[in-house]
Amino acid sequence: MNSVSLNNLSRRNFLVSSGVLVVGSYAYTSGFNPVYANGTRTLSPSVYVAIGTDGVVTVTCHRSEMGQGIKTAVAQVVCDELEADWEKVVVAQAEGDAKYGDQNTDGSRSIKNFFMPLRNAGAAAREMLVQAAADSWGVDASECEAREHTVHHAASSRRAAFGELADAASKLAVPESPTLKSRENWNHIGKSRIHVDAQDVATGKAAYGADVTLPNMAIAVMVHAPVLGSSPLNVKVPDSAKANSRFIGIETIDATPGPIGFNPVGSVAVIAEDTFTGIKVAEELEINWSDSPNQDFDSDTFQQDLREAVEAPGNVWHEVGDANNMLEGAEEKIEAVYETPFLSHAPMEPPSAVANVVGDAVEVLAPVQDPQTTRNTIVGAKNFALENVKVTPTLLGGAFGRKSKPDFVLEAVELSRRLKRPIRVQWQRENDLQYDYFHAPSVQRYEATLGENGMPTAWRQRTAFPSIMSTVAAPNMVEPANWELDMGFTNTPYRCENQSIEAAGLKAGVRIGWLRSVCNIFHAFGANVFIDELAEQAGMDPIDYRLAMWDGMDVIQGALPSEPGHEFKIERLRNVLRKVRENSDWDQKIADGHALGVAVHHSFLSYVATVLEVDRSDPNYKVTNAHVVLDCGTYVNSDTCIAQMEGAVVFGLSAAQRAKLTFKDGTIQENNFDGYLIARMPDAPSISVELIDSDHLPAGVGEPGVPPVAPALSNAIFKAGGGRRRSLPLI
Amino acid sequence: MSITVNVNGVEHQLDVDENTPLLWVLRDHLDLNGTKFGCGRGLCGACTVQIDGTPTRSCLTTVAAVSGRHVSTIESLVDQQPDLIEAWVDENVSQCGYCQSGQLMSAAALLATNAAPTDEDINVAMAGNICRCGTYSRIRKAIRRTAEARQ
C-alpha cells in the first residue's frame, strides 16, 4: 500500500533551507469561553506564513478543515496583507502545537480570534520584503510599495519579486506592529474564493482519516459495548476467524472508570490485515459484557423526567418584577411546552484514526478538531512526554463537534502501543451512532400574560436538559452551565418587566456533547415558536410583534459578560429581520396566503434571520424556499459564508423534519441512516442568502445559521394549517 | 481464491474472499481511496461507483459480482467527464468533501443517460447520496450547469 502525503510542511522544513523568510506572531484575544478551555492559550510566537526563494508563499493553517473553508479563509487574510499573488499561495496543515495559539476548531471562532494575528503576520512579511528591497536599492522603504507579489520603486521604475527578496528579508528583524492595510484596499478579504481543496475533492484525491496508510499498518475494527460503562468480560472468537490468515487477533479495552471525558469506552478491537476481515470477524464474535449503571437508560423515561423538571421552579438565573405571582393569579395566560430529542452529529466520515507508537513516542494522523487537546489527552491518559506526541489533523470528513472528542484516537494509540505496529482504528456507522457525544434533548416551558396592547406583561421560561459538563467535566455537574444557557436562553432578546428565567439539569445515561450550534438549537426553537404564538394571540404579524417588543431596546446582557466589541445589539438583530422580510417578500406572500415562517437568532456573536416557505398542499410540508440574512460582522470569504448558510438550512432541516434518536436499555435504537433520518436532495429547498456588509469585528459563521431553521419551519407549518407543532422532529 | 476485476480499464488479479465488498477491494487492495465508507448498508451513497455505467453502492456489492464487468471509480471521472468536475469546482460545491466522490459518480451516471435532467430527475437520481454538510443546492447547480454547457 502507498502512504499518503499530507502536504504537512512544517516550520522546520523551511528553516533548514536557507534564504527563507519566516514570520508570524500570535496574540491571544481574550474572551470567556469555559467549555473550550484546555490550557492551550499561550503568548508564544508562532509561524503562519513562509516565503521561499522560489516565491512560493506557504500559509500554515493551524485550524482543522472540516468543510467550513478555513484553509482558504486563513490564506486569504494573509495573502491580502502580504500583497501576494493568490496563485502562488499554498496552504499547509499545522500539527498540534501550542506555538500556534489555540487550535480548538470549534465554537465558530477561527476567524474571530485569528483575524488580527493573521493580518499581522502577512503585514510583517510585507514590510520586511519592502525593507529588503529598499536596502538593496539604497532608497527609503517609504518610497517602495508591495503589490502583486513584487516590490516596486516607482521613482526609479525598479522592481523585485518576493522570491528574490526572501533571503535578504529573512535576515531582518520582524516588525512588532506592522502597518495594516485599510479596509478599502483589501483585495482578498471579503471576496469570493474557491476552496483550496476543491479540485482534490472533486477528483477523489483529498485525504481523510481512513485514507492514511503507514507501512506495516494493521486495521482495528471496533466492537463497542452496547451500554456506556460496560466492559468486555469474555470473548469467544469463532474457529472460522482463527483459520483466516488475515485475522491477527483481538484486544479488549475496559471502560475507563471515573469521569467520562474523552476516554475510550469498553470495547473489543478486531485486529486484521484489512478492513473487511475485521468487519467480518467482528460480526461473529460472542462477547459477554459487564453490567453498567446505564443499562436501564430509556430516552422516553428521560424525556418524561425533563417534562416534570419544568413543572417545578428551577435555578433562577434572571428575575425582575413579580412574574411568578402575576402568572399564578392570571385569569388568562399563554402557556406552551417545547421539546427536542437526542441528536447525533453523524458526520459522513465515521471516526477513524491512525497511530504509530514507536518506543516512548507516538505519531497520530487523524481527523480531529483540536490537535492540541488530542495531544494533551494522549499525554494524560498514556503517560507519554508531550514532546514525544505528534498529532497532525487530516482533512475531516465532517465533524460538527464530534471530532473535538478524541476518544477514537486514544483507542488507536492504545492498540498501537500493545501491538507495536501502526494501527488504523475504523468505526462503523453503528459505532458512531451508539457512541456519539449526543446533542442534549430538552424540554422548555414558557408562560406569559399579555397586556391590552398585546405585549407581554409577565413572562416565565424554564429549560431542562442534561449538561455537557456532566460528560466532559464531572458526573455531578448536572446543572446547565452559564455558557450553555447563554446560548439563547439567559441572553434571550425577549424581555419583560416581570420576568423569571429558570433552568434545571438531569444526568443522562449516555454521553452528551456539543453539536453544531449546541443549546442554541433548542433555545431558539422554544423562543421563536413562543413569540409566534404570542403574536398570533395578539393578532399581530410575528415580525411586527418582535419589532414592537424591541422598541427602545439597545443591548442584551446574558449571564456572562460580553466580549469587548461583541455586545449583543438589538439593532443588528432588527436589521437582519427587516432584511429577510424584504428578501422573502414576506408581507405580500402572507397577504396572498402563502405559508411562511420566520425565526431570528443571535449566536456565536452573529445575527441570522431565516424565512422558510412550505408547500401547504404537501402532507409533509416540503420546504420550497429559504431566505437567510447573516450579519457576521467583517467576513473573509463571501462565498463560504453563503455556503455555510445554505448548509445550515439543510442541517437545520434534518433536525427539524425527521431526525430523532431513542435509547432502550441504554442502547441506541436508530443505528444507521435508515433510522436516523438526514435531509436528502429532495428535501433541499431553493436557498437565497444575503450577507450584511459590516465593519464590525468578525464573528461566527459555521454555526449561527442552524438555530432559526426548526422554529421557522414550525411557524410555517402553523401558517399552512398544520397546527402548532411544539416538539421536534416536526414531520 | 483468485478473482479478476476490471477497474477504470485496468484488469486486476486479486486473491481475496469472493464475498469481500467491492468498496474494501478498492480501498484496501487497490489503493483507490477516493471511494468512501459511510454506512456499510447502502444507505448513504458515499461509496457509489459505476458498474457498466450504473451507479452502484460498492459497500453492498461483492467483488465476485463484478467479475467480468467494468467498474469505474471517482479516480477515472476526470477522464470520462472533466466538465462535470470543472463545474463542481467552479460552483464551489464541496464543504467537507467526504461524500462528494459518491455524489459525482451518481451525477455522472445521471448525465450519461439524461442530457437535460429536470429537478425531479435530479431528486430521484441523487436521493441516495447524503451530504451532511448540506451542499445539495450547489450539487443541483453543478449538474444543471454541466447539462446546459453540453447542449
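Residues numbered from 1 in each chain as written. Chains lettered and ligands numbered in written order. Predicted model: local features only at pLDDT ≥ 70, side-chain atom pairs only at ≥ 80, totals over all residues. Heavy atoms only, no water.

## Quick word on the overall build of chain A
- Of the regular secondary structure elements, chain A holds 20 helices and 29 strands.
- Over its C-alpha atoms chain A spans a radius of gyration of 27 Å, differing by no more than 12% from the 27 Å that the globule rule assigns to 731 residues.
- Taken over the C-alpha atoms alone, chain A extends approximately 85 × 80 × 45 Å along its principal axes.
- Residues counted as buried form 64% of the 731 residues belonging to chain A.
- Nonlocal contacts in chain A, meaning residues at least 24 apart in sequence, comprise 78% of its contacts between residues at least 6 apart.
- Carbon and sulfur atoms make up 47% of the accessible area of chain A, which amounts to about 25000 Å² in all.
- Here chain A holds 63 positive side-chain charges and 92 negative ones, and the gap between their average locations is 4 Å. (Helix = DSSP H or I, 4+ residues; strand = E, 2+ residues; numbered from the N terminus. Rg over C-alpha atoms; globule rule 2.2 N^0.38 Å. Buried < 20%, exposed > 50% of the residue type's maximum accessible area, 1.4 Å probe, protein only. Contact = heavy atoms within 4.5 Å. Areas by Shrake-Rupley, 256 points an atom, 1.4 Å probe, with all protein chains shown as cover. Lys, Arg positive; Asp, Glu negative; His and termini not counted. Charge placed at Lys NZ, Arg CZ, Asp CG, Glu CD.)

## Observations concerning the interface of chain B and chain A
- Counting residues at the interface gives 50 residues for chain B, matched by 62 residues for chain A.
- Where chain B abuts chain A, roughly 4600 Å² becomes buried across the two surfaces, and 56% of that area is made up of carbon and sulfur atoms.
- Contact with chain A buries surface across chain B, with B:Gln95, B:Arg132 and B:Tyr136 losing the most and accounting together for 18% of the total.
- At the boundary of chain B with chain A, the tally comes to 7 salt bridges.
- The partner of A:Asp639 in a salt bridge is B:Arg138, and the shortest N-O contact between them spans 2.8 Å.
- The interface formed by chain B and chain A includes 23 residue pairs in polar contact (both at pLDDT 80 or more).
- Of all the secondary-structure elements, those providing two or more residues to the side of chain B that touches chain A are helix H1 (22-29), helix H2 (74-80), helix H3 (82-90), helix H4 (100-113), helix H5 (119-126) and helix H6 (136-150) of chain B.
- Of the residues forming the side of chain B that touches chain A, the biggest block, 5 residues, is contributed by H6(B).
- Classifying every residue of the side of chain B that touches chain A gives 22 nonpolar, 17 polar and 11 charged. (Buried area = accessible area lost by both parts, 1.4 Å probe. Salt bridge = Lys/Arg side-chain N within 4 Å of Asp/Glu carboxyl O. Polar contact = N/O pair within 3.5 Å; in protein donor to acceptor, adjacent residues only side chain to side chain. Nonpolar A, V, L, I, M, F, W, Y, C, P; charged D, E, K, R; others polar.)

## Considerations on the side chain of A:Thr463
- For A:Thr463, the location among the structural elements is in strand E20 (residues 456-464).
- Setting aside anything within four residues of it in sequence, one finds A:Thr463 in contact with A:Val310, A:Val443, A:Gln444, A:Leu485, A:Phe489, A:Glu502, A:Ala503, A:Ala504 and A:His523.

## Quick notes on helix H19 (residues 638-657) of chain A
All names here are of chain A.
- Between its first and last C-alpha, H19 extends 29 Å over 20 residues, near the 28 Å set by a 1.5 Å rise per residue.
- Counting buried positions along H19 gives 19 out of 20 residues, so the element sits mostly inside the fold.
- The N-cap of H19, judged by a side-chain oxygen 3.2 Å from the amide nitrogen of Asp 639 a few residues on, is Asn 637. (Expected span 1.5 Å × (residues − 1).)

## Details of the pattern of salt bridges
Residue and element names in this part refer to chain A.
- Evaluation of the coordinates by the stated rule reveals 58 salt bridges over all chains.
- Asp 298 is the salt-bridge partner of Lys 664, the closest N and O atoms lying 3.6 Å from each other. With a gap of 366 residues between them, Lys 664 in strand E27 (residues 663-664) and Asp 298 in the loop between strand E12 (286-289) and helix H8 (299-309) connect regions that are remote in the sequence.
- A salt bridge links Asp 544 to Arg 581; the shortest N-O distance between them is 3.0 Å. Note that Asp 544 is positioned in helix H16 (residues 542-549) and Arg 581 in helix H17 (residues 570-583), a separation of 37 residues in sequence.
- Exposure remark for Arg 581: the relative accessible area of 15% places this residue in the buried category.
- Several salt bridges converge on common partners, so that one network encompasses Glu 311, Glu 328, Lys 333, Glu 335, Arg 445, Glu 447 and Arg 460.

## Some details on the packing of aromatic side chains
- According to the stated counting rule, one finds 21 aromatic pairs over all chains in the structure shown.
- Where A:Phe262 meets A:Tyr437, the ring centres are 6.3 Å apart and the plane angle is 70°; that geometry is what we call edge-to-face. In this pair, A:Phe262 sits in the loop between strand E10 (247-253) and strand E11 (267-272) while A:Tyr437 sits in the loop between helix H12 (429-434) and strand E19 (442-450), placing the two residues 175 residues apart along the sequence. Like A:Tyr437, A:Phe262 is buried.
- Here A:Phe568 and A:Tyr607 contribute two aromatic rings whose centre-to-centre distance is 6.0 Å and whose plane-to-plane angle is 65°, an arrangement assigned as edge-to-face. Taken together, the positions of A:Phe568 in strand E23 (residues 568-569) and A:Tyr607 in strand E25 (residues 606-614) put the pair 39 residues apart, joining distant regions of the chain. We note that A:Phe568, like A:Tyr607, is buried.
- What links up through ring pairs into an aromatic cluster is the set A:Phe297, A:Phe302, A:Phe342, A:Phe438 and A:Phe663.
- The ring of A:Trp514 has A:Lys405 lying over it, and the distance from NZ or CZ to the ring centre is 3.8 Å.
- Sitting over the face of the ring of A:Phe400, B:Arg132 holds its NZ or CZ atom 6.0 Å from the ring centroid. (Phe/Tyr/Trp six-rings, centres within 6.5 Å; stacked < 30°, edge-to-face > 60°. Lys NZ or Arg CZ within 6 Å of the ring centre and 35° of its normal.)

## Regarding the sheet that holds strand E5 (residues 144-147) of chain A
Residue and element names in this part refer to chain A.
- Here we have 3 strands laid out as an open sheet, ordered E5-E6-E7, and antiparallel in their pairing. Of all strands in the sheet, those bounded by a partner on one side alone are E5 and strand E7 (158-161). Sheet twist, expressed as the average angle between the axes of neighbouring strands with direction ignored, equals 20°.
- Where strand E6 (residues 150-153) meets E7, 4 bridges bridge the pair, whose relative direction is antiparallel. Bridge pairing links His 153 to Arg 158 in E7.
- Against the sheet, helix H4 (residues 162-170) contacts E5, E6 and E7, and its axis sits at roughly 80° relative to E7. (Pairing = 2+ DSSP bridges. Axes fitted to C-alpha atoms, helices over the stretch in contact; angles between N-to-C directions.)

## So, the sheet that holds strand E24 (residues 595-603) of chain A
All names here are of chain A.
- Judged by pairing direction, the sheet is mixed, and its 4 strands sit side by side in the order E24-E25-E26-E29 without closing on themselves. Lying at the two open borders of the sheet, with one neighbouring strand each, are E24 and strand E29 (686-691). Averaged over all pairs of adjacent strands, the angle between their axes in this sheet comes to 15°, without regard to strand direction.
- The pairing of strand E26 (residues 623-631) with E29 spans 6 bridges and is classified as parallel. Looking across to E29, one finds that Ala 626 is bridged to Ile 687.
- Against the sheet, helix H20 (residues 709-719) contacts E24, E25 and E26, and its axis sits at roughly 160° relative to E24.

## Section: the pairing of strand E2 (residues 10-15) of chain B
Residue and element names in this part refer to chain B.
- Of the strand pairs in this sheet, strand E1 (residues 2-7) and E2 are connected by 6 bridges, and their pairing is antiparallel. Residue pairing for E2: Val 5 is matched across the bridge by His 12.
- What sits between the antiparallel neighbours E1 and E2 is a turn of 2 residues, in which Asn 8 has the positive phi angle 50°.

## Here we look at the environment of B:Ile143
Residues and elements named next belong to chain B.
- Position of Ile 143 relative to the elements: it lies in helix H6.
- Relative accessible area serves as the criterion here: at 0%, Ile 143 is assigned to the buried category.
- Taking the C-alpha atoms as reference, Ile 143 lies 8.5 Å from Ala 108; in sequence the two are 35 residues apart.
- Discounting residues that sit within four places of it in the chain, Ile 143 has contacts with Trp 88, Ala 107, Leu 110, Leu 111, Pro 117, Ile 122 and Met 126.

## Concerning the confidence of the model for chain A
All names here are of chain A.
- Confidence along chain A averages 93 in pLDDT terms, with 94% of residues attaining 70 or more.
- For residues 1-19, every residue scores under 50 in pLDDT, and the model assigns this stretch 37 contacts once sequence neighbours within four places are set aside.
- Within the model, the stretch residues 24-46 combines pLDDT values under 50 with 55 contacts to residues more than four positions away or in other chains. (pLDDT = per-residue confidence, 0-100.)

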